[in-house]
Amino acid sequence: MEKKDREILRLLAADGRMSYTDLGKATGLSTSAVHQRVKRLEQRGLITGYGATVDHAAAGRPLTAFISITPFDMSQPDDYPDRLRGLAEIESCWSVAGEESYILKVRVGTPADLEETLGRIRALANVATRTTIVLSTPYENRPVP
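Attention in this report is confined to the structure presented alongside it. (Residues numbered from 1 in each chain as written. Predicted model: local features only at pLDDT ≥ 70, side-chain atom pairs only at ≥ 80, totals over all residues. Heavy atoms only, no water.)

1. Concerning the environment of D15
Moving on, step 1. The topology assignment puts D15 in the loop between α1 (3-14) and α2 (20-27).
Moving on, step 2. For D15, a relative accessible area of 37% gives the class partly exposed.
Moving on, step 3. Taking the C-alpha atoms as reference points, D15 and T53, 38 residues apart in sequence, are found 9.6 Å from one another. (Helix = DSSP H or I, 4+ residues; strand = E, 2+ residues; numbered from the N terminus. Buried < 20%, exposed > 50% of the residue type's maximum accessible area, 1.4 Å probe, protein only.)

2. What about the pattern of salt bridges?
Oppositely charged side chains may form a pair once their charged atoms are brought near each other.
Moving on, step 1. A full pass over the atoms with the stated rule returns twelve salt bridges.
Moving on, step 2. For the salt bridge of D82 with R85, the shortest nitrogen-to-oxygen distance reads 2.9 Å.
Moving on, step 3. On the basis of relative accessible area, D82 is assigned to the exposed category, the value being 53%.
Moving on, step 4. With a relative accessible area of 62%, R85 lands in the exposed category. (Salt bridge = Lys/Arg side-chain N within 4 Å of Asp/Glu carboxyl O.)

3. Details of the nonpolar core
Moving on, step 1. If you look at the biggest cluster of nonpolar residues, it comprises 17 residues, and the most contacted ones within it are I67, I69, L84, L104, L114 and I121.
Moving on, step 2. Sorting the residues of this core by element identifies β1 (63-71), α4 (80-84), β3 (102-108) and α5 (111-125) as the ones contributing at least two each.
Moving on, step 3. Filtering out sequence-adjacent residues up to four positions away, L114 remains in contact with L63, A65, I67, V106, V108, T131 and I133. (Core = buried A, V, L, I, M, F, W, Y, C linked by side-chain atoms within 4.5 Å. Contact = heavy atoms within 4.5 Å.)

As structure tokens, this is what we get:
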């Protein structure tokens, strides 16, 4: 990947609404050249979408937790992401190596909501869970270096 493409990715990761004109000024490229490069980055799958940074506390979900799930029966099909897809509290699901099979990032309003979500996860997926509650987030979703 060219240096200019990396620079465009870094700028868009920091501000996905940055205009082609501003990207051009920041990279020393013309607006049309930046537009072509961004389209190419999208077509190549390096840019997969654009999103907003949400203040989860203001949105009513100030409690973040990571929930590791471990199947009770390893011979069962590995379809846990599909089983849990309908739980809106789950923001992310990662398949991991180690003792656990998946780590889920969840956002809820209260400890009682977390407890209820844990019960639903255990019931839907038939798994054991281990939960880590986030106390604070010094940084998250850092831009590409």
